[in-house]
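Structure at a glance
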Amino acid sequence: MSNLIRRTVGPAAVLGIAALLLSACASSPSPTSALPAGSTKNAPVSGGNLTFAIASDIACIDPQQIGNNDDIAIARQTVDSLTVQDPKTGAIKPWLASKYSVNSDATSFTFTLRTGATYSDGEAIDAASVKTNFEAIQALGAKAVLGSTYLAGVTAIDVVSSNVVRIDFSAPSAQFLQATSTFSLGLLSPASAKLTQADRCAGKFSGSGPFVVNSYLPNAQAVLARRTGYNWGPSVNRHTGPAYLNTVTYKVVPESSTLTGSLQSGQIDASADIAITDLPSFDGNGFWEVNRTNPGVAYNLYPNESTPKLADKRVRLAIQDAIDRAQVAKLLTKYDKPATSVLSSSTPYFTKLSSVLKYDPTESKKLLDAAGWKGGADGIRVRGGQRLSFLVTYWQPSNDQLQLVQQELRAVGIDLQLKFTTIAQATVANNGTQDFTWGNLTRADPDVARTVFAVQAPSQNVNHRTASAVDPLLAQQAATAAPAARQKLVTQALTLLLKSGDSIPVYQLSTTIAASNKVHDLGFEASSRLDFYDAWISK
Amino acid sequence: VRRLLQGVIVLWAAYTLSFFILYLLPGNAAAIAAAGSGDPGSVDPALVAKLRHEYGLDRPLYVQYLVALGNALRLNFGNSVQNGAPATQLVAQALPQTITLALSALPLALVFGVGIAILSNLARWRWLRQALSALPLLGASVPGFWIGLLLLEAFSFNLHWFPSLGVNTPIGLVLPAITLAIPTGAYLAQLLSRSLRLTLAKPYIEQVRAKGASEKRVHLGHALRNALIPSLTLAGVLAGQLLAGTVVTETVFSRVGVGRLAVTAVGARDIPVVQVIVVFAALVFVVVSIIVDLLYPLIDRRIVVGRSALAIA
């Protein structure tokens, strides 16, 4: 497992070189299995039906609109993308585009489409249909929650010839190449672009992927059926022909005890939503598990630097130093890892920054003393009659982890109040006056750090801070296509985010699939979304 | 006519109250939609502003209310902010499943409720009577989801007799229907056994007994009919209980239905969908109450429709 997850600088460089060479050859062999496997090494069996449980459904399975992981598990299987990201190396490789090129300042991207691939309604996948797709996503606007941000700044989509399309940006957008590998920019038939938002959500679209939507009853179940004649699977998977499974049935099971019991009693075959406390019972005993760290920004306590107490860098760094990340990660599954950088270890361009990000309570106390926060009567430090007390309002299932952080901070004299609430109330509480927000963001590209931390829009500016030395670095990495140069900028930016206490990372989010032993080769794609294409089921 | 007018007022009040309550709740659909994308984390304010505008949430509250009310009068409740489908259509899709579940649970609840009520008064042994009269309290106080999980654990996960996930077949309905019937039946049993006890203490019962009627005849022939009236008055409340019970039952058994839809819609602050459900629930309440009014004269000849409010007061 660990060599799959742990990424180094090398492969990341490969990524960019491929981009520079204009044409990463489609013939690049991938003899080894790219995806984490099931329990056996037998040859795949074609046929059979898989029942998979998801915990939630927002009543929409349109790949171009959605953003929640459970529905993505359905939608991802129905569309192919221009490129594919290798889950092992993070490298971008050809998929529906047999060749692609990026200009030196990452403002213009040209894709040459493979021939012979079709949408499930029979239409050819050509350059004009790519243009139709991207224009449809722009028309959806904010409703295409992820896709619309990937296409921000597009000035022109030119159909150069029947199978060549060029996309131009007003400003450098190095993230776009990786974006073309995501389901959000996955291709639907031109006829699907004309459907209403509701019809697209209801699964009435025709996709380009190995599965088609057979039926979809929101909040209950979706049934996907494999497409016969499909033979353009991505090079990073184990095969390229039609999917092995006849059908995949997704059942929506909101109650976690029902989910666990249903998997144990064989009423479902697999799920990625088993509660952490129930996971140990599926490790063996006729079941297997596979885990992958989600790429992107790790779970962070984002300090609000517009508040007086957290405007002081020493206080932010004291908090960063006081958290024993290794202990926090132990509260999760046995697969989970502490944060070792702003980004998680499965993100391309990740480098371990443990030398900067360390557990050092002595240093923490020193910093607080220097900042004038001295021990108070109840063990919590005070300055000028004010207690060193903070509040974080969150909705993510991180109670245990944050409670440990709370204890660790208390040990150096910092009081962290925790308020667990609904997503709706948390978004209200975190209105700009909060002390901290708690969160992460999944994306297999380092540009995700810019969209979270940068001061200049489009960004969340989670720190509510003013421009600093890190902002030019974040902007430059987005404008740099050359991998070695981009790597340098990314590492510099992330180091600075840690050294300035803008980022207080805690642990890395991961996804665990638990499956019965008759399920094989169900795994993850590069963004830790589920991939059913290679999956098969023994009779 | 007066009953119908009252019904309309109830519907309007339900609509208006739910509208403003949903606005008072913290959080709005746009922020949630933006935050729900990808994962957790803080939300991009620009994206929220854009979505707010698209959903029309940036207009003044009274404008939103009047526009929504005007449309609602034409039975247009607007589109779901989650997926753009008409809210009425989403509820109509979920409704048959909930009705099937409620109608399967209702006879069970009636048998359970009426049966316990009669037996707890009629049983020969004192200990049995006491045990039986304790049952309704137990049934009403045990949480529905716990009953559901217990049934699942025993009959689905261990014995494999019934499926655990929302299968819309008679066999798949058994456990959910029982889960839903228990609290509703318990509530009915509490009501009925109390009014049965009161009725049995009335002088006319002594007269019936004096005439030599058997205990069974006293109960079933004479007392039950009179004891039914207070329970019938609360039929609207019972219908409401059944509907509310579907929220928990549908979640535990992964069934699709109005209850589940309500939970997700409230969570996503999907106001159009919540409003359709609230108005529908109010409609059920109004219709059941009117039917009950019409039923009184059939049970007690002394009651005349039109003065019903006075007669039962």
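Placed above this text is the structure.
Our subject in this report is the structure included herewith.

What counts, and at which threshold
Residues numbered from 1 in each chain as written. Chains lettered and ligands numbered in written order. Predicted model: local features only at pLDDT ≥ 70, side-chain atom pairs only at ≥ 80, totals over all residues. Heavy atoms only, no water. Helix = DSSP H or I, 4+ residues; strand = E, 2+ residues; numbered from the N terminus. Buried < 20%, exposed > 50% of the residue type's maximum accessible area, 1.4 Å probe, protein only. Contact = heavy atoms within 4.5 Å. Rg over C-alpha atoms; globule rule 2.2 N^0.38 Å. Areas by Shrake-Rupley, 256 points an atom, 1.4 Å probe, with all protein chains shown as cover. Lys, Arg positive; Asp, Glu negative; His and termini not counted. Charge placed at Lys NZ, Arg CZ, Asp CG, Glu CD. Salt bridge = Lys/Arg side-chain N within 4 Å of Asp/Glu carboxyl O. Disulfide = S-S within 2.5 Å. Core = buried A, V, L, I, M, F, W, Y, C linked by side-chain atoms within 4.5 Å. Arc of directions from axis to C-beta. Pairing = 2+ DSSP bridges. Axes fitted to C-alpha atoms, helices over the stretch in contact; angles between N-to-C directions.

When helices and strands are counted, chain B shows 14 helices and 0 strands. Counting all 313 residues of chain B, 45% fall into the buried class. Across chain B, the fraction of contacts at a sequence separation of at least 24, relative to all contacts at a separation of at least 6, is 71%.

With that settled, the discussion passes to the overall build of chain A. Scanning chain A from N- to C-terminus turns up 17 helices and 24 strands. Relative to the 2.2 N^0.38 estimate, which gives 24 Å for 539 residues, the radius of gyration of chain A is 23 Å and therefore close to what a compact globule would have. Across its three principal directions, the C-alpha atoms of chain A cover 75 × 55 × 40 Å. A buried classification covers 62% of the 539 residues belonging to chain A. By sequence separation, contacts in chain A at least 24 residues apart represent 72% of the contacts at least 6 residues apart. When the accessible surface of chain A is summed, it comes to about 18400 Å², and 55% of that surface belongs to carbon and sulfur atoms. Here chain A holds 46 positive side-chain charges and 41 negative ones, and the gap between their average locations is 4 Å.

Inspection of the secondary structure assignment puts D324(A) in the loop between α10 (313-322) and α11 (325-329). There is no salt bridge for the buried D324(A), and the closest opposite charge comes from R325(A), which lies 7.0 Å off by N-O distance.

It is worth spelling out the state of the cysteines at this point. Note on terminology: a disulfide is the covalent bond linking the sulfur atoms of two cysteines. All names here are of chain A. Under the counting rule described, the total for this entry stands at 1 disulfide over all chains. With a sulfur-sulfur separation of 2.2 Å, C60 is cross-linked through a disulfide to C201. Across the S-S bond linking C60 and C201, the dihedral sits near -75 degrees, which makes this disulfide left-handed. One end of the pair, C60, is in the loop between β1 (49-54) and α3 (69-75); the other, C201, is in helix α8 (residues 197-201), and 141 residues separate them in sequence. Residue C60 shares its accessibility class with C201, and that shared class is buried.

Moving on, we come to the pattern of salt bridges. Residue and element names in this part refer to chain A. Across all of its chains, the model carries 21 salt bridges over all chains by this definition. Measuring nitrogen to oxygen at the nearest pair gives 3.0 Å for the salt bridge that ties K93 to D86. Of the residues examined, K93 reaches a relative accessible area of 19% and is grouped as buried. What makes D86 buried here is its relative accessible area of 8%.

This paragraph deals with the nonpolar core. All names here are of chain A. F111, F134, F176 and Y250 are the most contacted members of the largest nonpolar core, which has 79 residues in total. Top element by residues in this core is helix α4 (residues 127-140). It accounts for 5 residues. Residues within four places of Y250 in sequence aside, it is in contact with F52, I54, A73, I74, Q77, A220, Q221, A222, L224 and F532. Grouped together as the second largest cluster of nonpolar side chains are 31 residues, I319, V328, V392 and L409 included.

Note: α-helices contain 3.6 residues per turn, so residues at a spacing of three or four share the same orientation. All names here are of chain A. Residues of helix α16 (residues 470-478) that are buried include every one of V470, D471, L473, L474, Q477 and A478, and no others. Looking straight down α16, one finds its buried side chains confined to an arc of 165 degrees; they lie on one side. Its buried side turned inward, α16 meets α15 (447-453) and α17 (483-499).

Okay, the sheet that holds strand β4 (residues 97-102) of chain A next. Residues and elements named next belong to chain A. Taken together, the 4 strands give an open sheet; going across it, the order is β4-β5-β7-β6, and neighbouring strands pair in antiparallel fashion. Only two strands of the sheet have a single neighbouring strand rather than two, namely β4 and β6 (154-161). Going from strand to strand, the sheet's axes swing by 15 degrees on average, the running direction of each strand aside. Bridge count for β4 against strand β5 (residues 108-113) is 5 bridges, and the pairing is antiparallel. Of the residues in β5, the one forming a bridge with A97 is L113. In the packing of α4 onto the sheet, the strands contacted are β5, β6 and β7 (164-169), and the crossing angle to β6 comes to about 165 degrees.

Moving on to the sheet that holds strand β12 (residues 287-293) of chain A. All names here are of chain A. Read from one edge to the other, the open sheet built from 7 strands follows the order β8-β9-β10-β1-β11-β20-β12, with strand pairing classed as mixed. Since the sheet does not close on itself, it has two edges, and those belong to β8 (211-217) and β12, each with one partner. Two strands pair when backbone bridges link them, and β1 and strand β10 (residues 247-252) are joined in this way by 6 bridges, in the parallel orientation. Residue pairing in the sheet places L50 in a bridge with V248 of β10.

With that out of the way, let us pick up the pairing of strand β18 (residues 436-442) of chain A. Residue and element names in this part refer to chain A. With 7 of 7 residues buried, β18 is to be regarded as a mostly interior element. Sheet analysis places strand β13 (residues 296-303) next to β18, joined by 6 bridges and oriented antiparallel. Within β18, the residue paired with G296 across the bridge is T442.

This part covers the pairing of strand β9 (residues 221-226) of chain A. All names here are of chain A. In this sheet, β9 lies alongside β8 in antiparallel orientation, the contact comprising 6 bridges. Note on β9: the bridge partner recorded for S215 is V223. Between β8 and β9, which pair antiparallel in sequence order, lie 3 residues; one of them, N219, sits at a positive phi of approximately 70 degrees. Summarising the sheet, β9 and β10 pair through 5 bridges and their orientation is antiparallel. Within β10, the position partnered with Q221 by the bridge is K251.

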